[in-house]
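Examination of the molecular architecture
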Number of protein chains: 2
Amino acid sequence: MKLYLGIDVGGTSAKAGVVDSEGKILYKSSCPTGIERAFEAIVADMADLCKRVVQESGHSMEEIQSVGVGIPGEQSPETGLVALCNNLGWHDVPLMGTLKKLLGKPVYVDNDANVAALAESWAGVSRDVKSSVLVTLGTGVGGGIVFNRSVYPGAHGVGGEIGHMVVVVDGEPCNCGQRGCWEKYSSATALIRMGRECIQKKPDCPLAQAVKDVSNLNAKAVLDLAKQGDPDCLEIFHTYVRFVCIGLSNLISILDPDMFVLGGGVSYAGEFLLNAIRAELPKYLYCPAIPHARVELATLGNDAGIIGAAMLGREDA
Amino acid sequence: MKLYLGIDVGGTSAKAGVVDSEGKILYKSSCPTGIERAFEAIVADMADLCKRVVQESGHSMEEIQSVGVGIPGEQSPETGLVALCNNLGWHDVPLMGTLKKLLGKPVYVDNDANVAALAESWAGVSRDVKSSVLVTLGTGVGGGIVFNRSVYPGAHGVGGEIGHMVVVVDGEPCNCGQRGCWEKYSSATALIRMGRECIQKKPDCPLAQAVKDVSNLNAKAVLDLAKQGDPDCLEIFHTYVRFVCIGLSNLISILDPDMFVLGGGVSYAGEFLLNAIRAELPKYLYCPAIPHARVELATLGNDAGIIGAAMLGREDA
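Residues numbered from 1 in each chain as written. Chains lettered and ligands numbered in written order. Predicted model: local features only at pLDDT ≥ 70, side-chain atom pairs only at ≥ 80, totals over all residues. Heavy atoms only, no water.

Moving on to the overall build of chain A. Within chain A one finds ten helices and twelve strands. With respect to the principal axes defined by its C-alpha atoms, chain A has extents near 60 × 45 × 35 Å. Across the 317 residues of chain A, 59% fall into the buried class. Excluding contacts between residues fewer than 6 apart, the proportion of contacts in chain A whose partners are at least 24 apart in sequence is 62%. Looking at chain A as shown, the accessible area adds up to about 12,800 Å², and 51% of this sits on carbon and sulfur atoms. Both charge centroids of chain A, one from 27 positive and one from 36 negative side chains, sit 3 Å from each other. (Helix = DSSP H or I, 4+ residues; strand = E, 2+ residues; numbered from the N terminus. Buried < 20%, exposed > 50% of the residue type's maximum accessible area, 1.4 Å probe, protein only. Contact = heavy atoms within 4.5 Å. Areas by Shrake-Rupley, 256 points an atom, 1.4 Å probe, with all protein chains shown as cover. Lys, Arg positive; Asp, Glu negative; His and termini not counted. Charge placed at Lys NZ, Arg CZ, Asp CG, Glu CD.)

In structure tokens, the structure reads:
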């Protein structure tokens, strides 16, 4: 039986799973990442986790074709090193090479948005379409472009960085050094910023009352009140949805994919968000008469990291 | 010998050529389009032109594998009809079907930006790269995305409409009904608009003196004065280049291609434009440390239409 190991490394825990060739998790487990430790110790634990997961699954390492790792960062296609992985404090570390030595298998590494996009295309909502763009509406806005169940990496490994397309020239300053990036208007952080502005203007508004201390303000508080019909939060929500749709419309003008898959924290607003985006998107299309990408919610939740990482090797086969 | 026919239809003339399998024109000729006539008469002339070109080339119709047509419009992938072709006054016409009947060969139709992009990838500046985006800086801004010498059509046939990505939310109104589309800032039309604004503010400026009547103002007048160092036109030029670079940077964030190929009327400004864009582009990149797409000028000029149209069949083979 051809099996694949997928590892999903986060700041808190590393999860690993044995995945079959169709993207089904047969067995999974996890261990603390322990990011305060040296890189070598973390990777040694990841390798041990892999061996344990395979053993506990009742399968053997011989059946494992390859190992994939999804990281909250970027591996340089030139050096094969993890160039940047802020949450883990990694900088130019040989993740691929070290794991390969420890496990004796081909190892693939990609960022978590690409991995989630791949997972959905193998075992989730985009499994029946040729082209999809996963959009993670989280602290920032990430993206993964998948054609025919393969991640589109770009020529220099930076394709799919959709959150940094500029939609407002000279707009809000972004961490990346540019201004007006899409993620400044379409991330959870944008919802929090707009919520904070609302509270500053109206210190007694329902949002202010709900969060009590403004430092507790999160995207969910804004979205929950919008769902309940609070006019201030609904206004924020509509502004937010408008910007999401402008970015999706740009991606349609360029890539014209079959499907957008919405992931990340904001996507937990579910049908409320989905229906608003579906209703609004046609207003921003260059040519609304032509059929356009379906918009769907990601379906694999926390398993996407393991499944997509495992399928990094599968797509290469 | 495997040969391909390419037809480049414009508002004034239809050009046709016999092209070899590497994108080299062996023989070409043209006839007036005669757009005042009925569709059937125009297509009959196109078919006659094809037969004549093949005969005069010294080859036979048996050697022709397929016929491709580049049009200033869009063919619907669903109906196979030319949905819209404003310059020719065509609307839902069976170009592909009629030519196929008249010539007895497979017929492919695509828009002129896609066709030019394909031509450059077979026989022009992008022939050695895997992924390229041709950007036509003309009356509007068009685009053609090519992967591995195939046009990327998108899932619904509207991929590559890069001129309609929004870069200034609530910006300049665009013909498409949206606001702030890239082409409102990066087309020849944008240079003319900025030139006109300059003349309104400074009726005695060198640009006003050069064009005399503002209705004669074209992009070349602005570019020529900028080249000569006129401060007003240089300011316009730098604003223009900045917007071009912001759009290219967005395309890098999403697609990360190997190369941009600049075509269209503005690209005739040549090295002056190219050097300015190359110098400016890194300032707008999300991650300037990572290598990015080369920027080059299109090299095939008027032959791109024939070559790319011919290669529409070649890529399918």
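After presenting the structure, the write-up continues.
Residue and element names in this part refer to chain A. With five of five residues buried, strand 11 (residues 259-263) lies mostly within the body of the structure. Here strand 11 shows no split at all, with Met 259, Val 261 and Gly 263 on one side and Phe 260 and Leu 262 on the other all buried. By the bridge criterion, five bridges tie strand 8 (residues 131-137) to strand 11 in an arrangement that is parallel. In the sheet register, Ser 132 faces strand 11, and the bridge partner there is Met 259. Taken together, the four bridges between strand 11 and strand 12 (residues 294-297) define a ladder with parallel strand orientation. Bridged to Val 261 within strand 12 is Glu 296. Chirality of the crossover, the property in question, places the unit of strand 11, helix 9 (residues 271-280) and strand 12 among those that are right-handed. (Pairing = 2+ DSSP bridges. Right-handed = clockwise from strand over helix to strand, strands pointing away.)

It is worth spelling out the pattern of salt bridges at this point. Overall, the coordinates contain 26 salt bridges over all chains when judged by the stated rule. The salt bridge partner of B:Lys28 is B:Asp303, with a shortest N-O separation of 2.6 Å. Taken together, the residues span a long stretch of sequence, with B:Lys28 in strand 3 (residues 25-32) and B:Asp303 in the loop between strand 12 (294-297) and helix 10 (304-316) at a distance of 275 residues. Across the salt bridge formed by B:Glu280 and B:Lys283, the nearest N and O atoms sit 3.0 Å from each other. Looking at B:Glu280, the relative accessible area reads 18%, which means it is buried. Relative accessible area serves as the criterion here: at 52%, B:Lys283 is assigned to the exposed category. Put simply, A:Glu172, A:Arg193 and A:Glu197 are held in one network by salt bridges that share partners. (Salt bridge = Lys/Arg side-chain N within 4 Å of Asp/Glu carboxyl O.)

This part covers the confidence of the model for chain A. Of all residues in chain A, 99% attain a pLDDT of 70 or more, and the chain-wide mean is 94. For this predicted complex, the interface confidence score (ipTM) comes to 0.93, while the overall pTM stands at 0.94. (pLDDT = per-residue confidence, 0-100.)

If you look at the interface, chain B gives 44 residues, while chain A gives 44 residues. When chain B packs against chain A, close to 3,600 Å² is buried across both sides, 58% of that on carbon and sulfur atoms. Inspection of the region where chain B meets chain A yields two salt bridges. Where chain B packs against chain A, one counts 28 residue pairs in polar contact (both at pLDDT 80 or more). Where the side of chain B that touches chain A is concerned, the elements lending two or more residues are strand 9 (141-147) and helix 8 (231-254) of chain B. Per-element accounting of the side of chain B that touches chain A gives the leading share, eight residues, to helix 8 of chain B. For the side of chain B that touches chain A, the per-class residue count stands at 26 nonpolar, eleven polar and seven charged. (Buried area = accessible area lost by both parts, 1.4 Å probe. Polar contact = N/O pair within 3.5 Å; in protein donor to acceptor, adjacent residues only side chain to side chain. Nonpolar A, V, L, I, M, F, W, Y, C, P; charged D, E, K, R; others polar.)

Residue and element names in this part refer to chain B. A positive phi angle, close to 55 degrees, is found at Asp 92, a residue other than glycine. With respect to the helices, strands and loops of the structure, Asp 92 is situated in the loop between strand 6 (82-84) and helix 2 (95-103). The phi dihedral of Arg 149 falls on the positive side, at around 60 degrees, and the residue is not glycine.

Another aspect to go through is the sheet that holds strand 12 of chain A. All names here are of chain A. If you walk across this open sheet you meet the five strands as 10-9-8-11-12, and the pairing is mixed. Strands with a single pairing partner mark the edges of an open sheet, and in this sheet they are strand 10 (150-151) and strand 12. Inspection of the sheet shows strand 9 (residues 141-147) paired to strand 10 by two bridges, in the antiparallel sense. Looking across to strand 10, one finds that Val 146 is bridged to Val 151. Across the sheet, helix 9 touches strand 8, strand 11 and strand 12, and the angle it forms with strand 12 is around 170 degrees. (Axes fitted to C-alpha atoms, helices over the stretch in contact; angles between N-to-C directions.)

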